[in-house]
Amino acid sequence: MAINRIRIEIEGIVQGVGFRPFIFRLAGTHAINGWVLNNSGGVIIEAEGEPAKVSAFLRDISAEAPPLAAITSVSSEKIASQGERGFVIRPSAGGTNKAQISPDCDVCADCLRELFDPNDRRYLYPFINCTNCGPRYSIITGIPYDRPFTTMAAFPMCDACRAEYENPADRRFHAQPVACPDCGPRLGLVDAKGETVSGDPLREALRLLTAGGILAVKGIGGYHLAVDACNDDAVRELRRRKQRDEKPFALMAPDLQAIARFACVDDIEQRILAGPERPIVLLPKQDCNPIAPLVAPANGYFGVMLPGAPLHHLLLRNNFIALIMTSGNISDEPIAFRDDEARERLKEIADLFLVHNREIHTSADDSVIRVFHGNPLFLRRSRGYVPRSVKLPATQRSVLAVGGELKAVVCLTREDRGFMSQHIGDLKNAATLHSLEEAVAHLERILEIKPEVVAHDLHPDYLSSIYAAGLEGLPQVPVQHHHAHMASCMAENGLEGETLGVVFDGTGYGLDGTIWGGEFLLGDYRAFRRCGHFRAVPMPGGDAAVKEPLRMVISYLYDIYGNALYDLQLPCLAEVGERDRQLYLKMLERGINSPLTSSCGRLFDAVAAMVGVRSRISYEGQAAIELEALAEEADTNAIYPYSIATADDNMVLDMRHMLHSVVDDLQAEEPRSVIARRFHNTVAHAATDLCEKIRETNGVNRVVLSGGSFQNKLLAEGIFSGLSDKGFEVFTHRLVPPNDGGLALGQAVVAGMQNR
Ligand SMILES: [Zn+2]
Ligand SMILES: [Zn+2]
Ligand SMILES: [Zn+2]
């Protein structure tokens, strides 16, 4: 009988995810002889057997891979047969490590069953895990991924755990975080001083939550603040202690049935919610729901997740419809994840701390997703997805890209893969810069990458740009902000060649020194040309105009009405005192501290303030988010007038006619929601119109949509369908955020392509 032998090489996330035991079992199923081992690149197999069985074995490797595995390539070649008997798992071979590490993952169905089985030795044990689930990225301290290089090194396995760990037929074979109540980490409940609270930690923590208290909970990637989401007083108290913050709080519900009681969930959203990554998904609110209104005021959506760790299952099951689970931080700071530091930072907010002694080595905030056209649209890509790689359009030199200023994320590349870090936060102080440095060092270590080039934003004053400038010996590539956005969307869609980028966002340093943000860029990774933009207006007071949308109202109206703007009978203008009126006028007349901006975000802010959504914001993007919620209440396809002017081969989108009409509608007391909706329609229509004009002269038919404004679903849908209807090929983000959290990917590819 004919016997074949093949050598198979598999790359991707194939280590630490139960891959070798899976191969071992598969070999048994197909009567295959040979061996499997982990090596530097991933997994190597030699398989010998009847030709049909060898083919079936090879096919099933991809088809039936374990849940946490992510295979990026499988190659096989025929070699001489050796007449081997049996199949073995061989010891790992060393060498440079190119294997990829798995992200953190929710407890699997098997472990969950054991968690609630009174006869199991891990009954109610909050640190249960196996090769198919559990923490990964957050506990790894070095490579290779092995117990001594995780924060589980402090817990020697007991005999029972070791037997499971060493048995290839066991679900816990080489599960590095394996533990049980006899040998593993333990829960504790402490107060702000670190004093232990007597009684069973879980029971006492539940007692606190039920009584309306605020509990800090140590999770997978950091601390959350937990509160009963249906208790108005408790939610109000959390808002009070967190101060000035109006950001919606994320919710965690025990299961999909509980979520359906307060939010609308479709099939795709259900699948994303229940996936092992356990992200927060934005879901439309149910009209009548039991959640306290202060959870997400002035917002049409709840951010909801399912339990992401065994401890969360223990807290939620049979206890609450939903808990608030908001990142344990003061606004804009990185999430707290080290025990002492967390107690210090959260001592004024949390009543008690539910802690444990398994150290979190790397923080990871919750990921946030909104579904767009059946695909995930990331608002934040962090826990559960990091450090999964993104395939780049081509193999390139190794680049470190340091991102922008807001929602900082760094990217390291190796060959044709980009590795994005966890969400680091807004890079406005030494603490976040330190987190960025740690993220870079950690990624370099676990991926064994030494970057040859560093890419950064063109803005010279961003802390990330200053950090890049300080990296001695590395060539630096400054990348224009919106070019980076465009390139990130091209890269994740595998595009090469000339493309039109519609990049709408808040703030980015332009080539001409003004602030860009409503841009139509034509080009590729190497070069681009600005061929269209929103008409620029001054931002009175610079950054102050970002925090106070009212200033932008005055700027846009000054652009139309000049000094006569204060004669307009608009409610929002009535808020401006006489002194401020004169001050703003002087700034605008003389251009004092009023940089020019073509930002789309500022236009949204201004319209939001005009229709009375809000004049001041307490978190980034708030006015635009609330304007979108208002617009969703209306149903109209109507648009406002606008015009497109051509100046120096560059088209300018002039929205003065639109704003004039908005003023008229406000004075005619048209419903605010209708005005908000017409505004969204107009921006989408105008953007489509301008793309068509660019296509007329340049013939480009391929468009990428990027920038923070594309987090707005109404706007994104309007532009997407407008362009599709006109026959454009339209590409959006699915793997990295359209906001500045995706910037580093674009920077990395631009620098990589320019340094080929
Ligand atoms: Zn498991
Ligand atoms: Zn044990
Ligand atoms: Zn941006």
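Residues numbered from 1 in each chain as written. Chains lettered and ligands numbered in written order. Predicted model: local features only at pLDDT ≥ 70, side-chain atom pairs only at ≥ 80, totals over all residues. Heavy atoms only, no water.

### Structural notes on the packing of aromatic side chains
For the record, the criterion: A pair of aromatic rings is counted whenever rings of Phe, Tyr or Trp (Trp by its six-membered ring) have centres within 6.5 Å, and the orientation is called stacked for planes under 30 degrees apart, edge-to-face for over 60 and tilted otherwise. The rule is short: NZ of Lys or CZ of Arg within 6 Å of the ring centre and within 35 degrees of the ring normal puts a charge over the ring.
Scanning the model with the defined rule gives nine aromatic pairs in all. Within the aromatic cluster, the residues linked to one another by ring pairs are Phe504, Phe520, Phe534 and Phe710. A cation over a ring is seen here: Lys285 above Phe302, with NZ or CZ 5.1 Å from the ring centre.

### Some words on the coordination of the zinc ion (ligand 1)
Defined as follows: Metal donors: N, O and S atoms at distances within 2.8 Å, or within 3.2 Å for Na, K and Ca, with water omitted from the atom set so that some sites may seem incomplete. Working definition: with a 1.4 Å probe on protein chains only, accessible area under 20% of the residue-type maximum means buried, over 50% means exposed, and in between means partly exposed.
With distances of 2.3 to 2.4 Å, the protein atoms coordinating the zinc ion (ligand 1) are Cys108 (SG), Cys111 (SG), Cys130 (SG) and Cys133 (SG). Sequence positions of the donors to the zinc ion (ligand 1) reduce to the motif C-x2-C-x18-C-x2-C. Across the pair, exposure class does not vary: Cys108 and Cys111 are buried alike.

### So, the packing of helix 18 (residues 600-610) against helix 20 (residues 656-667)
Defined as follows: Axes here mean lines fitted to C-alpha atoms, for a helix over just the part in contact, with angles spanning 0 to 180 degrees between N-to-C directions. Labels follow the DSSP assignment, with helices taken as runs of H or I lasting at least four residues and strands as runs of E lasting at least two, numbered in each case from the N terminus. Working rule for angles: under 35 degrees goes down as roughly parallel, over 145 as roughly antiparallel, 65 to 115 as roughly perpendicular, anything else as oblique. Whether a crossing is left-handed or right-handed is set by the direction in which the near helix is turned from the far one by less than a right angle, anticlockwise for left-handed and clockwise for right-handed. A contact between two residues is defined here by any heavy atoms of the two lying within 4.5 Å. Basically, the charged four are Asp, Glu, Lys and Arg, the nonpolar ten are Ala, Val, Leu, Ile, Met, Phe, Trp, Tyr, Cys and Pro, and anything else, Gly included, counts as polar.
It is the contact of helix 18 with helix 20, at a shortest axis distance of 11 Å, that shows an interaxial angle of 15°. The pairing of helix 18 with helix 20 is recorded here as roughly parallel in orientation. In the crossing of helix 18 with helix 20, the sense of the turn from one axis to the other is right-handed. Between helix 18 and helix 20, the contacting residues are Leu603, Val607 and Met610 on the first element and Met658, Leu659, Val662, Val663 and Leu666 on the second. In terms of residue class, the contact of helix 18 with helix 20 is built from eight nonpolar, no polar and no charged.

### A look at the sheet that holds strand 3 (residues 42-49)
Under the convention used in this document: By the convention used here, strands pair only if DSSP detects at least 2 bridges between them.
Read from one edge of the open sheet, five strands run 4-1-3-2-5, paired in mixed fashion. The strands lining the two open edges of the sheet, one partner per strand, are strand 4 (70-79) and strand 5 (87-89). Taken over all neighbouring pairs, the strand axes of this sheet differ in orientation by 15° on average, direction set aside. Along the sheet, helix 1 (residues 19-29) makes contact with strand 1 (4-13), strand 2 (33-39), strand 3, strand 4 and strand 5, crossing strand 5 at roughly 175°.

### So, the pairing of strand 22 (residues 499-509)
Most of strand 22 sits inside the fold, with eight of its 11 residues counted as buried. Here strand 22 hands over to strand 23 (residues 515-523) after five residues, with Gly513 in that stretch at a positive phi of 80°. Two strands pair when backbone bridges link them, and strand 22 and strand 29 (residues 702-706) are joined in this way by four bridges, in the parallel orientation. Following the sheet pairing, Leu500 is matched in strand 29 by Val703.

All we've got here are geometric facts, nothing functional implied.
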